[in-house]
Amino acid sequence: MKEKLVEYLLQLVKIPSVIGNEKDIADFVQDFSSRFYPEDRIIRHNNSLIVYDDIQPSKRTIALVGHLDTVPGENDFTGQIIDGKLYGLGASDMKGGLAVMMGLMEHFSQNPSRFNLIYVFYEKEEGPYVDNGLEPLLTEYDIIHKADLAIALEPTNNRIQVGCLGTLHASIIFEGKRAHSARPWQGENAIHKAADFLKRLADYGIHEYEFGGMKYLEVMNATMVEFSGGRNIIPDKFVINVNYRFAPGKTIEQAKEDVLKLVNGEAKVEFTDLCPSGDVCLYNPVLSQLIEEYNLPVEAKQAWTDVARLSLHGIDAVNFGPGDPAQAHQKNEYIPVNNLLENYDILQGFIRIK
């Protein structure tokens, strides 16, 4: 199986699946799944898949969740293993996790397990919240809701990462009056009007926030700007995109208020791409058992993942995957092969009948 895991990942990284182009990889996973599951237990929705056991009420249920897409990127070593690292776009985020899911599917189609298993492969995670392919799987089918615990195999270096930050984007719109740059007194410079706000934003720093016994770091940053006019024009509009990462326990409405407070009425604010935070479910008995059996380190998730979406649907979920978070979205992305094997060994050992 260890050799197969590496082979599965090599096949996955050789299939381009930049967000919006997941058909080929979805076809590949569907063909693979059909070797082990009957057609009536494979759901295909656009380029997303749910593959599931015949659910036995006497057993608890685990959902293993992974996205099929990657961000755009370059990799000069795709499909190569160098110094114990397997290279390819998405190797860590998160095709390594997909390979583990495929290995578990093959193993437990032939061996007994103490849990019912649901495998979820979905499209469009790397884009806007509203386009995410997991949402229709949760709203149009009830099978994932049967899970007592969902494990998102996002890159965590085989650490349990609980909860996740919420995230929002806001357009902070400063308006002025257009004029020739040789006669600035005839206009109002929209860029200059943003100076006080930008100073407050630069000074925002890191806010520690404790929730569920875990410590999260809230941050707010300008990430993009837009302006009207040209090099010799006093601009009449200046827009700053602000990205706010907020801790579990804080609602989207509370997060919006934090942004509005910082703007202090100096500009218009338009909120976009609002993503809730994820719950900290350390109380979950299946999760507690997994942590205890393998003495797994537990951390706060200092990022956003679909743990938040699963939480919103009332499903306890955590991040636990083989990828290296520091490799996510990097040029020449790789995954340590040992991480891949360790993640499989832990999950296979936990799920099998003792």
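Relevant structure appears above.
Think of a sheet as strands paired side by side through backbone hydrogen bonds, with each pair either parallel or antiparallel. Across the sheet, which stays open at both edges, the 3 strands sit in the order β4-β5-β18 with antiparallel pairing between neighbours. At either margin of the open sheet sits one strand with a lone partner, and together these are β4 (81-82) and β18 (334-336). Pairing between strand β5 (residues 85-87) and β18: 3 bridges, direction antiparallel. Considered in β18, the bridge of K85 is made with P336. Against the sheet, helix α10 (residues 337-351) engages β4, β5 and β18, with an angle of about 60° to β18.

Our next topic: the pairing of strand β6 (residues 115-122). A large share of β6 lies buried, amounting to 8 of its 8 residues. A two-sided burial pattern is seen for β6, the buried positions comprising F115, L117, Y119 and F121 on one face and N116, I118, V120 and Y122 on the other. Direction of pairing for strand β2 (residues 48-52) relative to β6: antiparallel, over a ladder of 4 bridges. Residue Y52 lies in a different strand from β6, and its bridge partner there is I118. As paired strands, strand β3 (residues 60-67) and β6 are joined by 8 bridges and run parallel to one another. Paired with I62 across the two strands is L117, which belongs to β6.

A few words now on the sheet that holds strand β12 (residues 214-227). With respect to topology, 5 strands assemble into an open sheet ordered β11-β12-β14-β9-β15, the strand pairing being antiparallel. Of all strands in the sheet, those bounded by a partner on one side alone are β11 (207-211) and β15 (268-275). Averaged over all pairs of adjacent strands, the angle between their axes in this sheet comes to 25°, without regard to strand direction. With 10 bridges joining them, strand β9 (residues 166-175) and strand β14 (residues 237-246) adopt antiparallel strand pairing. Bridging from a neighbouring strand, S171 pairs with N241 of β14. The strands that helix α6 (residues 195-202) touches are β9, β12 and β14; relative to β14, the one it contacts most, it runs at about 20°.

In this section: the packing of aromatic side chains. Counted by the stated rule, this structure contains 10 aromatic pairs. Arranged with centres 5.1 Å apart and planes meeting at 75°, the rings of Y8 and F32 form a pair that is edge-to-face. Highlighted residues: Y8 in helix α1 (residues 2-13) and F32 in helix α2 (residues 23-33), separated in sequence by 24 residues. The class for F32 is buried, based on a relative accessible area of 4%. Between Y244 and F246, the aromatic rings sit 5.7 Å apart at their centres with planes inclined by 45°, giving tilted as the arrangement.

This paragraph deals with the side chain of T305. Mapped onto the elements, T305 comes out in the loop between β16 (298-300) and α9 (307-312). Given the relative accessible area of 3%, T305 is considered buried. With sequence-adjacent residues up to four places away left out, T305 is seen in contact with E154, C164 and N319.

By size, the foremost hydrophobic cluster in this structure holds 63 residues, and its most contacted members are I62, Y119, F121, I151 and I160. Per-element tally for this core: the top contributor is helix α3 (residues 91-108), with 10 residues. Every residue in contact with Y119, bar those within four places of it in the chain, is listed here: Y37, L49, I50, V51, L64, M101, L104, M105 and F108. One finds Y129, I144, C275 and W304 within the second-largest nonpolar core, a separate group that totals 25 residues.

The terminal C-alpha atoms of α10, which comprises 15 residues, lie 22 Å apart, in line with the 21 Å expected from a rise of 1.5 Å per residue. Counted residue by residue, α10 has 12 buried out of 15 residues, so it is predominantly covered.

The final tally for this structure, using the stated rule, is 17 salt bridges. Here E299 and R159 are joined by a salt bridge, their closest N and O atoms 3.1 Å apart. Of this pair, E299 sits in strand β16 while R159 sits in the loop between β7 (149-152) and β8 (160-162), and the two are 140 residues apart along the sequence. Residue classification places E299 among the partly exposed positions, given a relative accessible area of 25%. Judged by its relative accessible area of 34%, R159 is partly exposed. Two residues, E188 and K193, come together in a salt bridge whose shortest N-O distance is 3.4 Å. One salt-bridge network, held together by shared partners, links K23, D27 and R44.

If you trace the backbone, V298 turns up in strand β16. Judged by its relative accessible area of 29%, V298 falls in the partly exposed class. Taking the C-alpha atoms as reference points, V298 and L282, separated by 16 residues in sequence, lie 9.4 Å from one another. Every residue in contact with V298, bar those within four places of it in the chain, is listed here: I160, V162, M214, L282 and I291.

Along the chain, D93 connects to M94 via a cis peptide bond; the corresponding omega equals -5°. With respect to the helices and strands, the residue M94 is situated in helix α3. A positive phi angle is found at K124, which is not glycine, with a value near 60°. With respect to the secondary-structure elements, K124 resides in the loop between β6 and α4 (134-140).

Quick notes on the rules
- Residues numbered from 1 in each chain as written.
- Predicted model: local features only at pLDDT ≥ 70, side-chain atom pairs only at ≥ 80, totals over all residues.
- Heavy atoms only, no water.
- Pairing = 2+ DSSP bridges.
- Helix = DSSP H or I, 4+ residues; strand = E, 2+ residues; numbered from the N terminus.
- Contact = heavy atoms within 4.5 Å.
- Axes fitted to C-alpha atoms, helices over the stretch in contact; angles between N-to-C directions.
- Buried < 20%, exposed > 50% of the residue type's maximum accessible area, 1.4 Å probe, protein only.
- Phe/Tyr/Trp six-rings, centres within 6.5 Å; stacked < 30°, edge-to-face > 60°.
- Core = buried A, V, L, I, M, F, W, Y, C linked by side-chain atoms within 4.5 Å.
- Expected span 1.5 Å × (residues − 1).
- Salt bridge = Lys/Arg side-chain N within 4 Å of Asp/Glu carboxyl O.

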